[in-house]
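A structural walkthrough
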Amino acid sequence: MAKSKKERSGLVKFLRVLFVLVLVLVMAFGAYTQYVGVDNPAEGIISAVITPVQGLASRALAAVSDYMARLKLRSNIEYEYNQLKAQNDELILKALLYDEEVNKNERLTNMMGAYNTYADMNPILARVVASETGNWFSTFTIDVGTNDGVDTEMAVITSAGLIGHVYEVFATTAKVITIIDTNSSIAALIESSRDQGIVKGTLGVDGQPMCRMYYLPLDNVPRPGDSVIPSGVGLPFPKGLLIGYVRESTRSLEENKHYIVVEPAADFQHIEEVLVLRYEPDAEEMPEGYNDDEMIIVSPPTARPQVTIDSSNIAATPVPLPDAPG
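Residues numbered from 1 in each chain as written. Predicted model: local features only at pLDDT ≥ 70, side-chain atom pairs only at ≥ 80, totals over all residues. Heavy atoms only, no water.

A few points about the packing of aromatic side chains
With the rule as written, the count across this model stands at 3 aromatic pairs. Measuring from ring centre to ring centre gives 5.9 Å for phenylalanine 137 and phenylalanine 140, while their planes differ by 80°; the resulting arrangement is edge-to-face. When sorted by exposure, phenylalanine 137 lands in the same class as phenylalanine 140, which is buried. Taken together through their ring pairs, the aromatic side chains of Tyr214, Tyr215 and Tyr259 make up a single cluster. (Phe/Tyr/Trp six-rings, centres within 6.5 Å; stacked < 30°, edge-to-face > 60°. Buried < 20%, exposed > 50% of the residue type's maximum accessible area, 1.4 Å probe, protein only.)

What follows is the structure, encoded as structure tokens:
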């Protein structure tokens, strides 16, 4: 083993010495040929060997350089693409937020108009915080309650018309049942004819956000498009609120089965903000000292006049009138 290592070491030294000698001879030969002015055949040999290698190396270097350039370009394009995609996503988000703000501003503007219209009914703005699953709002929860002066049976509206009324109230929230719910029942009238009836929801009957109005006179059929408003009977809803419009009418021999279809004025698919009308009907003033347990006795404003007779002017015998017979 040690001998072979010495042999390899000696061979390496020999090759080094040989390479140096050949290099020195080539350099000396080149200097001599240059000195005497003749062509150096070694240069041709070296050139013939080196030129193809140099060309191959140059082409390889060009290929590598071109690949690196393409790789850099691809990297730049990908970077620019990612940048543009991020900017595009940001612009889409801003556009969505802008549209949302525009819609919200439009809703609140309309709500402000309704607020001013019903200002004498003490309205309060409320937001929907929970609702039943489904496409239509049958019942939902709002973010105002007894702390805000809200009580049961108070009307709930949007800028389009009547939504429903409060049926359960807590300290900071309240539950609302809408007019399209099957359990809802509101006394209403046809605005043009003043015919009165009961409006009930149909969402639980056929799944449509419509209302039906029952107990109308059979001899007076309302026209499509007539407005339906609360009559003020039963629930303390103020008159003038719009429930909806007459859509069609049915005919039946039995009066209790005859009804008209009422299309609600409000949109029951998109409810986000509502107004609660904290309206209370004015109670009649009772006289002073009124007690619930006692009968009210009201004295007449003035005493009954009494007849007074002066006896000093009465004669003992009647005096006949002039020209009287007998």
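The rest of the description comes next.
Here we look at unusual backbone geometry
Of note, arginine 194 is a non-glycine position whose phi angle comes to about 65°, a positive value. Tracing the backbone through its elements, the reader meets arginine 194 in the loop between strand 6 (185–190) and strand 7 (196–201). Look at arginine 194 and you get partly exposed, because its relative accessible area is 44%. (Helix = DSSP H or I, 4+ residues; strand = E, 2+ residues; numbered from the N terminus.)

Details of the sheet that holds strand 2 (residues 139–142)
In space, the 6 strands of this closed barrel follow the order 1-2-5-4-3-12, with antiparallel pairing throughout. Neighbour-to-neighbour, the strand axes of this sheet turn through a mean angle of 45°, independent of strand direction. Relative to strand 2, strand 1 (residues 123–131) runs antiparallel, the two sharing 3 bridges. What sits directly across from alanine 130, in strand 2, is threonine 141. (Pairing = 2+ DSSP bridges. Axes fitted to C-alpha atoms, helices over the stretch in contact; angles between N-to-C directions.)

So, the side chain of aspartate 195
Looking at the element boundaries, aspartate 195 is found in the loop between strand 6 and strand 7. It turns out aspartate 195 is buried and unbridged, and the closest side chain with the opposite charge, arginine 194, is 8.7 Å from it. Here the side chain of aspartate 195 touches serine 193 through a polar contact of 3.1 Å, side chain to side chain. The residues contacting aspartate 195, other than those within four sequence positions of it, are Ala188, Leu189, Ile190, Met213, Leu216, Pro217 and Asn220. (Lys, Arg positive; Asp, Glu negative; His and termini not counted. Salt bridge = Lys/Arg side-chain N within 4 Å of Asp/Glu carboxyl O. Polar contact = N/O pair within 3.5 Å; in protein donor to acceptor, adjacent residues only side chain to side chain. Contact = heavy atoms within 4.5 Å.)

Let's talk about the pairing of strand 4 (residues 162–169)
Inspection of the sheet shows strand 3 (residues 155–157) paired to strand 4 by 3 bridges, in the antiparallel sense. Residue pairing in the sheet places valine 156 in a bridge with glycine 164 of strand 4. Taken together, strand 3 and the strand that follows it, strand 4, pair antiparallel across an intervening segment of 4 residues. In this sheet, strand 5 (residues 174–178) lies alongside strand 4 in antiparallel orientation, the contact comprising 5 bridges. Each residue of the ladder has a partner; that of valine 166, found in strand 5, is valine 176. The antiparallel hairpin formed by strand 4 and strand 5 contains 4 residues in its connecting segment.

Structural notes on the layout of surface pockets
Which parts of space are left empty comes out when a probe the size of a water molecule is rolled across the atoms. Counted as a void, the largest pocket has a volume near 230 Å³. For the largest pocket, the lining is made up of 13 residues, of which Arg107, Thr158, Ser159, Asp267 and His270 are closest to its centre. Here the lining of the largest pocket gets 3 residues from one element, more than from any other, and that element is helix 2 (residues 41–117). Broken down by class, the residue content of the lining of the largest pocket amounts to 5 nonpolar, 4 polar and 4 charged. (1 Å grid on protein atoms, 1.4 Å probe; cavity = no way out; pocket = protein on both sides within 12 Å on 5 of 7 lines; lining within 4 Å. Points joined across faces, edges and corners; volume = space filled by probe spheres on them. Nonpolar A, V, L, I, M, F, W, Y, C, P; charged D, E, K, R; others polar.)

Examining the nonpolar core
Counting 45 residues, the largest nonpolar core has Ile142, Leu162, Met213, Val228 and Val276 as its most contacted members. Among all residues touching leucine 162, those that are not within four sequence positions of it are Ala155, Val156, Ile157, Ile179, Ile186, Pro230, Phe237, Leu241, Leu242, Ile243, Ala266 and Phe268. (Core = buried A, V, L, I, M, F, W, Y, C linked by side-chain atoms within 4.5 Å.)

Brief notes about the environment of alanine 265
With respect to the element layout, alanine 265 can be found in the loop between strand 11 (259–264) and strand 12 (273–277). Look at alanine 265 and you get partly exposed, because its relative accessible area is 24%. Here the alpha-carbon distance between alanine 265 and glycine 244, two residues 21 residues apart in the chain, equals 4.4 Å. When sequence neighbours within four positions are dropped, the list of residues in contact with alanine 265 reads Ala160, Leu242, Ile243, Gly244 and Tyr245.

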